[in-house]
Number of protein chains: 2
Amino acid sequence: MHKLLKAIDAKKAPVVVGLDPQPAFIPAKLLDAAQSEFGPTLEAAAEAYYRFNTAIMDAVSDIVPAVKPQVAMYEQLGVPGMEAYRKTCNYASSKGLVVIGDIKRGDIGSTSGAYAVAHLGRVSFFGKEFEPFGEDIVTVNPYLGTDGVKPFVDVAREHDKGIFVLVKTSNPSSGEFQDVMAGDSTIYERVGAMVEKWGSDNIKDGYSDVGAVVGATYPEIGERMRAAMPHTVILVPGYGAQGGTGADIRVFFDKDGRGAIVNSSRGIIAAYKNEKYASFGEDGFADAARAATEDMIKDITGNL
Amino acid sequence: MHKLLKAIDAKKAPVVVGLDPQPAFIPAKLLDAAQSEFGPTLEAAAEAYYRFNTAIMDAVSDIVPAVKPQVAMYEQLGVPGMEAYRKTCNYASSKGLVVIGDIKRGDIGSTSGAYAVAHLGRVSFFGKEFEPFGEDIVTVNPYLGTDGVKPFVDVAREHDKGIFVLVKTSNPSSGEFQDVMAGDSTIYERVGAMVEKWGSDNIKDGYSDVGAVVGATYPEIGERMRAAMPHTVILVPGYGAQGGTGADIRVFFDKDGRGAIVNSSRGIIAAYKNEKYASFGEDGFADAARAATEDMIKDITGNL
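Residues numbered from 1 in each chain as written. Chains lettered and ligands numbered in written order. Predicted model: local features only at pLDDT ≥ 70, side-chain atom pairs only at ≥ 80, totals over all residues. Heavy atoms only, no water.

Q: Give me the lowdown on the overall build of chain A, citing residues and values where you can.
A: Helix and strand counts for chain A come out as 13 helices and 14 strands. The globule rule puts the C-alpha radius of gyration for 304 residues at 19 Å, and the 19 Å found for chain A is close to it. Projected onto its principal axes, the C-alpha positions of chain A cover 60 × 55 × 35 Å. Considering chain A as a whole, with its 304 residues, one finds that 64% of them fall into the buried category. The contacts of chain A with a sequence gap of at least 6 include a subset with a gap of at least 24, amounting to 72%. (Helix = DSSP H or I, 4+ residues; strand = E, 2+ residues; numbered from the N terminus. Rg over C-alpha atoms; globule rule 2.2 N^0.38 Å. Buried < 20%, exposed > 50% of the residue type's maximum accessible area, 1.4 Å probe, protein only. Contact = heavy atoms within 4.5 Å.)

Q: Account for the packing of aromatic side chains, with residues named and values stated.
A: The final tally for this structure, using the stated rule, is 16 aromatic pairs over all chains. Here the aromatic rings of Tyr-49 of chain B and Tyr-74 of chain B are separated by 6.3 Å at their centres, their planes lie at 85°, and the arrangement is edge-to-face. With Tyr-49 of chain B in helix H3 (residues 42-60) and Tyr-74 of chain B in helix H4 (residues 71-75), the pair connects residues that are 25 residues apart, well separated along the chain. Pair check on accessibility: Tyr-49 of chain B and Tyr-74 of chain B agree, each one buried. Ring centres of Phe-125 of chain B and Phe-126 of chain B lie 5.6 Å apart, and the angle between their planes is 45°; on these two criteria the pair is classed as tilted. Through successive ring pairs, a cluster of aromatic residues spans Tyr-49, Tyr-74, Tyr-85 and Phe-133 of chain A together with Phe-125 and Phe-126 of chain B. A cation sits over an aromatic face here: Lys-87 of chain B above Tyr-50 of chain B, 4.3 Å from the ring centre. The positively charged end of Lys-168 of chain B is found above the aromatic ring belonging to Tyr-218 of chain B, 4.0 Å away from the centroid. (Phe/Tyr/Trp six-rings, centres within 6.5 Å; stacked < 30°, edge-to-face > 60°. Lys NZ or Arg CZ within 6 Å of the ring centre and 35° of its normal.)

Q: Let's hear about the layout of surface pockets: which residues, and what values?
A: In this structure, the largest pocket spans a volume of roughly 350 Å³. For the largest pocket, the lining is made up of 28 residues, of which Ile-108 of chain A together with Asp-20, Gln-242, Asn-263 and Ser-265 of chain B are closest to its centre. If you list the elements that add at least two residues to the lining of the largest pocket, you get helix H6 (109-120) of chain A together with strand E3 (98-105), strand E14 (260-264) and helix H12 (266-269) of chain B. For the lining of the largest pocket, the per-class residue count stands at nine nonpolar, 13 polar and six charged. Here the second largest pocket is characterised by a volume of approximately 200 Å³. Lining the second largest pocket are 15 residues; nearest its centre among them are Met-1, His-2, Lys-3, Asp-160 and Lys-161 of chain A. Among the elements of the structure, helix H1 (2-11) and helix H7 (146-158) of chain A are those that each provide at least two residues to the lining of the second largest pocket. Of the residues belonging to the lining of the second largest pocket, the class tally is five nonpolar, three polar and seven charged. (1 Å grid on protein atoms, 1.4 Å probe; cavity = no way out; pocket = protein on both sides within 12 Å on 5 of 7 lines; lining within 4 Å. Points joined across faces, edges and corners; volume = space filled by probe spheres on them. Nonpolar A, V, L, I, M, F, W, Y, C, P; charged D, E, K, R; others polar.)

Q: How would you summarise the sheet that holds strand E13 (residues 234-236) of chain B if you had to cite specific residues and measurements?
A: All names here are of chain B. In spatial order, the strands read E1-E2-E3-E6-E7-E12-E13-E14; together these eight strands close into a barrel with parallel pairing. In this sheet, adjacent strand axes meet at a mean angle of 30° when their direction is disregarded. Pairing between strand E7 (residues 162-168) and strand E12 (residues 210-214): five bridges, direction parallel. Paired with Phe-164 across the bridge in E12 is Gly-211. Against the sheet, helix H5 (residues 78-94) makes contact with strand E1 (15-19), strand E2 (66-69) and E3, and its axis sits at roughly 150° relative to E3, the strand it touches most. Sheet strands in contact with helix H9 (residues 187-199) are E7 and E12, and its direction is about 160° off that of E7. (Pairing = 2+ DSSP bridges. Axes fitted to C-alpha atoms, helices over the stretch in contact; angles between N-to-C directions.)

Q: Residues and numbers for the environment of Asp-179 of chain A, please.
A: Residue and element names in this part refer to chain A. One can find Asp-179 in the loop between helix H8 (175-178) and strand E8 (181-182). In this structure, the C-alpha to C-alpha distance between Asp-179 and Ser-61, residues 118 residues apart in sequence, is 37 Å. Those residues within four positions of Asp-179 in sequence are excluded, and the remaining contacts are Lys-168, Ser-174, Thr-186, Tyr-188 and Ile-221. Of the polar contacts made by the side chain of Asp-179, one reaches the side chain of Lys-168; its length is 2.8 Å. (Polar contact = N/O pair within 3.5 Å; in protein donor to acceptor, adjacent residues only side chain to side chain.)

Q: Just give me the short version of the pairing of E14 of chain B, but keep the residues and values in it.
A: Residue and element names in this part refer to chain B. Most of E14 sits out of view: five of its five residues are buried. Two elements, E1 and E14, share three bridges in a ladder whose sense is parallel. Each residue of the ladder has a partner; that of Val-15, found in E14, is Val-262. Pairing between E13 and E14: three bridges, direction parallel. From the neighbouring strand, Ile-234 faces E14, where its bridge partner is Ala-260.

Q: Give me the relation of the copies chain A and chain B: which residues, what numbers.
A: One chain copy maps onto the other through a rotation about an axis and a shift parallel to that axis. With an RMSD of 0.0 Å, the operation that places chain A on chain B is a rotation of 180° combined with a shift of 0.0 Å along the axis. Given the turn and translation reported, the copies of this chain are related as if by a two-fold rotation axis. Residues of chain A ranked by C-alpha distance from the rotation axis are headed by Ala-182 of chain A, positioned 2.1 Å from it. Comparing interface residues between copies, 100% of those in chain A also sit at the interface in chain B, which points to an isologous, same-surface contact. (Least-squares fit on C-alpha atoms with pLDDT ≥ 70 in both.)

Q: I'd love a proper account of the interface of chain A and chain B, names of residues and values included.
A: In many reports, interface size means the accessible area that the parts give up when they come together. Taken together, the 73 residues of chain A in the interface contact 73 residues of chain B. Together chain A and chain B conceal approximately 5,800 Å² of surface at their shared face, both sides included; 67% is due to carbon and sulfur atoms. Considering only the side of chain A, the residues that lose the most area to chain B are Phe-126, Tyr-143 and Phe-177 of chain A, jointly responsible for 16% of the buried surface there. Put simply, chain A and chain B have four salt bridges between them. Summed over the shared surface of chain A and chain B, the number is 27 residue pairs in polar contact (both at pLDDT 80 or more). Per element, the largest residue contribution to the side of chain A that touches chain B is seven residues, and it comes from H6 of chain A. (Buried area = accessible area lost by both parts, 1.4 Å probe. Salt bridge = Lys/Arg side-chain N within 4 Å of Asp/Glu carboxyl O.)

Q: Help me get a handle on the packing of helix H2 (residues 28-38) of chain A against helix H3 (residues 42-60) of chain A, residues and values and all.
A: All names here are of chain A. At their nearest, the axes of H2 and H3 sit 8 Å apart, and the two run at 135° to each other. In terms of orientation, H2 and H3 fall into the oblique class. Two packed elements cross with a definite hand, and for H2 against H3 that hand is right-handed. Here Leu-30, Leu-31, Ala-33, Ala-34, Gln-35, Glu-37 and Phe-38 of H2 come into contact with H3, specifically with Glu-43, Ala-44, Glu-47, Ala-48, Arg-51 and Phe-52. In terms of residue class, the contact of H2 with H3 is built from eight nonpolar, one polar and four charged. (Parallel < 35°, antiparallel > 145°, perpendicular 65-115°, else oblique. Left-handed = near helix turned anticlockwise from the far one by under 90°.)

Set out below in structure tokens:
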């Protein structure tokens, strides 16, 4: 998490590119090339996803601190998709990008421990150690409470990594359970208080290694949770395609303009399909992504 | 879900075997054999998991209706682990077992849609359809609300499959958020009410295709939720190693002794390490698993 904050400062860009490939985003040329190499298979689709990702990362790695692959998009391609996810994480690391794995896992203690090892740690077999997926930070679902979250915190700490716990998600029905008032606080406020507590043992430069997810689509909640979680870095999804704007997002940052990072996925990786960047054409999808990223950085930092 | 209920009736066994392999459970012979074939690699570890699972399934497939692989245990072995998970699901199907994938996924709508396709549906590429993992039923985390759960319901319905939504989990700290009182009901009761609602469009023989997870470790809650969710099949984890007993579990069933299925993982697959079944020895791990399964079925049905 401190590596992430430093990278944000160095690049002056509190922005993360969401690598959430979907079939409709992948240029036909990439799909055709993969199909002619691997046949009409999931391996070909997964390889096309991976090549799409590497082109985007090559185009933006000097201007953003991090990428956030959404594992569901890869899981949808089965085992070959998981290999494309793993390779994407590794390629991102090789480009100096912080990898935020958007995995939203969470289970009972021993099972969360297995997920934590899979994504943030190393597993031992035959007297050797293996790094199964190799992310730097992952998102975690808090529904099971402390014993479902603590194994992630422990493994993250052992390997100098971090987590973002879902507090208030960006989707329309997030309020159904998260906004329920219990006494004088909502469920998301209770989760936020626990996030502060889980992170309280490891605060450096004002921020802990346990972050929170709060959606850009709820700026008034963002403002309240920024104040309620003073040691918590906030990952802000929902900018762009989901409706959040740069002006909305100021409130997620601290008074120094730090402590938050804003994600955009579709708005960047599928920018070439947007009228504004259509002149790049399908072949220029990576350059369109870079232009959209530059515009997003301006929009966010211009409001800080 | 109706296939599951029929299989429970046919085998007179409301019991599911949790296939949650861990390094310590795998007999040395299996690990050694896999290592000599695949070297000291994650591929070898994953293959040993898969062979362990097939031996257990061969030993119990005539007496239980279903297995429940916990994907975290496979994810911990990286991509080869996910291949072992996929193969385990497929082998279970080939033995006529209902496959309950314990994946506890949940995200914003479009992302939940991708997970649903990965595990319950089919994905289209190059004019062909692929079944990425091939479970029959999966567990779903409700923290994101209706738009995070509905894509699972939709995909399940399209393919005649089902889901179990986490209502009250079996772990010690499940109460932190799930038990919070809001007005006159807890969060888990609110989730339970939504489970009834999500399933209300597709009820056959009294039960819908949207089930609920309620832990054996909280029998008083099980009794209350059985009454509150009359059309909901309950998946009951936490029997055995986590502390739930056959007497505790009666309350999770309806008056006809139907509408619930109880999981045991460690207590069955690692039975040979338990004093009671130690005479089977390490080589007899599968027979020990069968003996433990028979005892569990007696314990559960004897209390119905």
